[in-house]
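Secondary and tertiary structure notes
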Amino acid sequence: MENVTLPQKKLETFAISEYAAAQSTLSSSQIAKSLDAAADALEAEARRLRRNAAELRDHIDRQRRLTELRHRARAAAVAASRSGRDFGTAAHEIARQTGAPIEAVIQIMEVEWRKTGRERLALRNEAIMRLKRQGLTNAQIGERIGLHEKSVARIGGRMRRNMVYRA
């Protein structure tokens, strides 16, 4: 049987009856071939989607493990900074427990160490301002906190310029 093709005109240009007549002349083997080709294309797309889904699951698992590592390293950095424990020992413990590279653990812990340092300074500065509001002199505040009175004066001046007082 010879191959029958549709006219090269766009579907909108000829009548529905002509389109129906052309469709009926197609052989069943041609229809079967086109359906097989469509099924093959769908199967290939399904394989691609399954592969993408597996990659996405792997990515989600890696993100979850990284988040857990960050939480553990953050907690270890805070605990080490508050207790005066050795930073390197805490980092090696976390790396051993999680199986993460020591460089990654150290990097995360350094970020958290700096954060806790800033938090300690902010708490100290707030305590200085609270004592100033109670009427203590710079020398008295310095004795309580362990700073020189000029440092207390400098911190108080900077806090007055940069911060809104809490009631």
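A brief look at the structure comes next. (Residues numbered from 1 in each chain as written. Predicted model: local features only at pLDDT ≥ 70, side-chain atom pairs only at ≥ 80, totals over all residues. Heavy atoms only, no water.)

**Digging into the nonpolar core**
Threshold: Buried residues of nine kinds, namely Ala, Val, Leu, Ile, Met, Phe, Trp, Tyr and Cys, make up a nonpolar core once their side-chain atoms join them within 4.5 Å. Burial classes: relative accessible area under 20% of the type maximum marks a residue as buried, over 50% as exposed, and values in between as partly exposed (1.4 Å probe, protein chains only). Here a strand is any run of E in DSSP of at least two residues, a helix any run of H or I of at least four, and the numbering for each starts at the N terminus. Residue contacts are defined here by distance: any two heavy atoms, one from each residue, within 4.5 Å place the two residues in contact.
Ranked by size, the top nonpolar core spans 13 residues in total, and within it L69, I94, V105 and M109 carry the most contacts. Broken down by secondary-structure element, the contributors of at least two residues to this core are α2 (28-83), α3 (87-98) and α4 (102-133). Tallying contributions element by element places α3 first for this core, with five residues. Here V105 is in contact with L69, A73, A91, I94, A95 and A100, once residues within four sequence places are set aside.

**Describing the layout of surface pockets**
The test is simple: For each structure, a 1 Å grid was placed over the protein atoms alone; sets of points admitting a 1.4 Å probe that cannot get out are labelled cavities, open sets with protein on both sides within 12 Å along at least five of seven lines are labelled pockets, and lining residues have an atom within 4 Å of a point. Grid points are joined across faces, edges and corners, and a volume is the space filled by probe spheres set on the points. Classes in brief: Ala, Val, Leu, Ile, Met, Phe, Trp, Tyr, Cys and Pro nonpolar; Asp, Glu, Lys and Arg charged; the others, Gly included, polar.
As a volume, the largest pocket reaches approximately 180 Å³. Forming the walls of the largest pocket are R62, R65, L66, E68, L69, T98, G99 and A100. For the lining of the largest pocket, the leading source of residues is α2, giving five residues. Here the lining of the largest pocket is composed, by residue class, of three nonpolar, two polar and three charged.

**A few points about helix α6 (residues 149-162)**
Here is the rule: A helix is expected to reach a length of 1.5 Å times the quantity of its residues less one.
The terminal C-alpha atoms of α6 lie 20 Å apart, and with 14 residues this matches the ideal 20 Å at 1.5 Å per residue to within 8%. Buried residues of α6: V152, I155, G156, G157 and M159, and no others. In this fold, the buried residues of α6 make contact with α4 and α5 (138-145).

**Quick notes on the packing of α4 against α6**
What counts is decided by this rule: In this analysis an axis means a line fitted to C-alpha atoms, helices contributing only their contacting stretch, and an angle means the value between N-to-C directions, from 0 to 180 degrees. Every angle not falling under 35 degrees, over 145, or within 65 to 115 is termed oblique; those three ranges are roughly parallel, roughly antiparallel and roughly perpendicular.
Where α4 meets α6, the closest approach of the two axes is 10 Å, and the angle between their N-to-C directions is 95°. Taken together, the axes of α4 and α6 are roughly perpendicular relative to one another. Packed against α4, whose contacting residues are R124, N125, E126, I128, M129 and K132, the element α6 presents V152, I155, G156, M159 and R160 at the interface. A per-class count over the contact of α4 with α6 returns five nonpolar, two polar and four charged.

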